[in-house]
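# Architecture and fold: a report
Below, each chain spelled out in residue letters.
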Amino acid sequence: MLEIILNRIPIIYLFSSSMLIIPLIIGIINIKAIMSTPLKIIFFYCCIYICFESVSWYYALHGWQNHFVENTVNYSDVIILGCFYVYILTNPLHKKIVIGIIIIAVITLIISNVFGIKDYNRIDSFAKSFTDVIIIFLSLIFFYQLLNTLEIRNLFQYSYFWISTSLLIYFSGIFFINIFAEYITFNKDESIKFYWHIKEYLTIFHRIFIAIGLWFSTTHQQLNPSSK
Amino acid sequence: MNEVKIIILGTAAMLLPTSAIIIFVILYYRRQRLQREKLEHIEELHRQEMLEASVASQENVRRQIGGDLHDEIGTLLSATRMSLSQITKYGDNPSKRENLLNQTQDLLNEALNNVRRISKELMPSTLDEFGLIIALKDFTQKMTEHTGVMVCFSHGELVGKFDSKIELALYRTAQELVNNALKHAQATIINLTLSESNNQLVLQVSDNGIGFDLEEVNQPNRGIGIKNIESRISVIKGHIKFDVEKGRGASFEISVPL
């Protein structure tokens, strides 16, 4: 089995998957500090991802199609990350908008899966791109809120800033890869490999940033005097 | 579109969010700095206003003491001097002398009473000897007796004395607020409550008067009463909350860390 893994699978894939352990370990170390619901949600998100990755690897190593995992991940991304933003956004109108977006996104994903691809074991690229756009939009709402309130004195010690940065960079990166992959498919395989490698690097950064976010869950957030 | 162009475009597109985050951080800290500067400016203005109010209040007190000394003590002492000079004139008339001596004694007693009253106003002896609770009780009783307005005081389970600076500041604040309620608000009931919660001494003053517009009162050309209270409270690191509006009674809550 190990021989198959090392011979057939690029090391970067293994590495990016194993990076999920970092936020998980930090989450377990800081488990007592992760008292706020949003951080609990992010920790849960990491745990769910471990399950997805395990199933995905298991299927891949047995030579079975694992695309259904990718399609399922879309639902978890929209619902879990959507709930995270519902909790961290303070403006009631923004909260309502996010709840509405989650409901619409889930319905759209179901419609796309049922009527679009029909076969759940095929990658639904529309659903994937749609999910990416939703998460990008949610993170942008959060950044807008941050810039408007200027509540946090030190952004670099603020958990939600790291987590939102991670989500914005990762999902926009994936979104552009998906878009450009459409063009590249008709060209060289090398280019596809190049973009898939970038995707793996993005995944590594995504997990490291989430780990940093969970790490700062123990740091007391200093608020600006005007916001007290 | 050729391959190289797509790769360049794709990479640029992926770098876009990273650049956006960097720009966001720069913008955030810039706005934060501007906001801090603005806040510091407001605080500086406020400090200056407090200082001006404090100086003006001291000047008022000096003017009042000067007026009291001149009008009351000065007049009485002049009368005493004249009375004494009359005594020397009527040295051979014992009944007239006796009469003048009694008159002089009365004048001196009155002067002495006035000196006591002025010194009591400057530093109430009850506050010094028995503490804030007794002093406020005494003050509210006297106000009720002299003005006919019901000035009530309650203090829950509080006992003993507090830091003298806190006691004096709260006593003066209570005096100022009660005087304001009597002079400007046409109140008929004034309630004072002293309590302690979360290691804070809280004084609440409320009345059933006609209220006032806080913004109007805070205008630079208006009285210094409210600013003076704020200045007093800020010295002892306390906070004051105003619940005021024109047309209804006013309520103030002063909390001071113990």
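By the naming in an unreviewed UniProt entry, chain B is Oxygen sensor histidine kinase NreB, taken from Arcicella aurantiaca. Its UniProt record gives chain B a comment under Subcellular location (unreviewed entry), which states: "Cytoplasm". UniProt's Cofactor (unreviewed entry) comment on chain B is quoted here verbatim: "[4Fe-4S] cluster".

With that settled, the discussion passes to the overall build of chain B. Scanning chain B from N- to C-terminus turns up 7 helices and 5 strands. In sequence order, the secondary structure elements of chain B are arranged as α-α-α-α-β-α-β-β-α-α-β-β. Going through the 258 residues of chain B one by one, you find that 33% of them count as buried. Here the analysis covers contacts within chain B between residues at least 6 apart in sequence; of these, 65% occur between residues at least 24 apart. Carbon and sulfur atoms form 55% of the exposed surface of chain B, whose accessible area is close to 16,000 Å².

With that settled, the discussion passes to the overall build of chain A. Check the secondary structure of chain A and you find 9 helices and 0 strands. Put simply, chain A runs from its N terminus to its C terminus through helices and strands in the order α-α-α-α-α-α-α-α-α. Classification of the 228 residues of chain A by burial places 49% in the buried group. The contacts in chain A between residues at least 6 apart in sequence include a share of 74% that link residues at least 24 apart. Taken as a whole, chain A presents about 11,500 Å² of accessible surface, with 70% of it coming from carbon and sulfur.

The next thing to look at is helix α2 (residues 11–18) of chain A. One turn of an α-helix holds 3.6 residues; hence residues three or four places apart share an orientation. What α2 of chain A keeps buried is the set I12, S16 and S17 of chain A. Buried residues of α2 of chain A, seen end-on, are gathered within an arc of 135° and therefore sit on one face of the element.

A few words on the pattern of salt bridges. All names here are of chain B. What the rule picks out here adds up to 10 salt bridges over all chains. Across the pair K142 and D138 runs a salt bridge whose closest N-O atoms are separated by 3.3 Å. Remark: D138 and K142 occur in helix α4 (residues 132–147); sequence separation between them is 4 residues, near one turn of the helix. When its relative accessible area of 32% is taken as the criterion, K142 is described as partly exposed. With a shortest N-O distance of 3.9 Å, E253 and K241 are connected by a salt bridge. Pair noted here: E253 is in strand β5 (residues 248–257) and K241 is in strand β4 (residues 239–245), with a separation of 12 residues, a long-range link. Relative accessible area serves as the criterion here: at 25%, E253 is assigned to the partly exposed category. Residue K241 is classed as exposed on the basis of its relative accessible area of 56%.

With that out of the way, let us pick up the sheet that holds strand β2 (residues 189–197) of chain B. Residue and element names in this part refer to chain B. If you trace the 5 strands from one edge of the open sheet to the other, you get β1-β2-β3-β5-β4, paired in mixed fashion. Where the open sheet ends on each side, the last strands, each with one partner, are β1 (150–154) and β4. Taking each pair of neighbouring strands and ignoring which way they run, the sheet shows an average axis angle of 10°. Summarising the sheet, β1 and β2 pair through 5 bridges and their orientation is parallel. Bridge pairing links C152 to N191 in β2. Helix-sheet contacts for helix α5 (residues 164–183) involve β1, β2, β3 (200–207) and β5, and the interaxial angle to β5 is about 175°.

Further remarks concern the packing of aromatic side chains. Residues and elements named next belong to chain A. Applying the stated criterion to the full structure yields 29 aromatic pairs over all chains. When the centroid spacing of 6.2 Å and the interplanar angle of 55° are considered together, the rings of Y85 and F142 count as tilted. Here F142 lies in helix α7 (residues 125–149) and Y85 lies in helix α5 (residues 67–88), a separation of 57 residues in the sequence.

Turning to a nonpolar patch on the surface, a few remarks are in order. Residue and element names in this part refer to chain A. Together, I99, I103, I107, I110, I111, V114 and F115 make up a nonpolar patch on the protein surface, roughly 650 Å² of accessible area in all. Structurally, I99 can be placed in helix α6 (residues 92–117). For I99, a relative accessible area of 40% translates into the label partly exposed.

The next subject is the UniProt feature "transmembrane region" (unreviewed entry) in chain A. Here, UniProt's "transmembrane region" (unreviewed entry) annotation points to residues 12–35, 41–61, 73–90, 96–117, 129–147, 159–181 and 201–218 of chain A. Here residues 201–218 of chain A runs as 83% helix and 0% strand, with 27 Å between its end C-alpha atoms.

Below, the discussion takes up unusual backbone geometry. Residues and elements named next belong to chain B. With a phi angle near 55°, Q186 is a residue other than glycine that sits in the positive phi range. You can see Q186 is positioned in the loop between α5 and β2. Non-glycine residue N198 carries a positive phi angle of around 50°. You can see N198 is positioned in the loop between β2 and β3.

Turning next to the environment of A105 of chain A. Residue and element names in this part refer to chain A. Looking at the secondary structure, you find A105 in helix α6. Since its relative accessible area comes to 0%, A105 is described here as buried. Sequence spacing of A105 and Y75 is 30 residues, and the spatial spacing of their C-alpha atoms is 8.6 Å. If we ignore the near neighbours within four places in the chain, the residues touching A105 are V78, F130 and I134.

Before going further, it helps to examine the packing of helix α3 (residues 21–29) of chain A against helix α4 (residues 37–61) of chain A. All names here are of chain A. The geometry of α3 relative to α4 is characterised by a closest axis approach of 10 Å and an angle of 135° between their N-to-C directions. By the angle between their directions, the pair α3 and α4 is classed as oblique. Of the two elements, α3 crosses α4, and the hand of that crossing is left-handed. Across the interface between the two elements, P23, L24, G27 and I28 from α3 touch F43, C46, C47 and I50 from α4.

Criteria and thresholds
- Residues numbered from 1 in each chain as written.
- Chains lettered and ligands numbered in written order.
- Predicted model: local features only at pLDDT ≥ 70, side-chain atom pairs only at ≥ 80, totals over all residues.
- Heavy atoms only, no water.
- UniProt positions renumbered as here; feature names shortened; annotations may be inferred.
- Helix = DSSP H or I, 4+ residues; strand = E, 2+ residues; numbered from the N terminus.
- Buried < 20%, exposed > 50% of the residue type's maximum accessible area, 1.4 Å probe, protein only.
- Contact = heavy atoms within 4.5 Å.
- Areas by Shrake-Rupley, 256 points an atom, 1.4 Å probe, with all protein chains shown as cover.
- Arc of directions from axis to C-beta.
- Salt bridge = Lys/Arg side-chain N within 4 Å of Asp/Glu carboxyl O.
- Pairing = 2+ DSSP bridges.
- Axes fitted to C-alpha atoms, helices over the stretch in contact; angles between N-to-C directions.
- Phe/Tyr/Trp six-rings, centres within 6.5 Å; stacked < 30°, edge-to-face > 60°.
- Patch = residues over 30% accessible without salt bridge, like charges linked within 9 Å, V, L, I, M, F, W, Y side chains within 5 Å.
- Parallel < 35°, antiparallel > 145°, perpendicular 65-115°, else oblique.
- Left-handed = near helix turned anticlockwise from the far one by under 90°.

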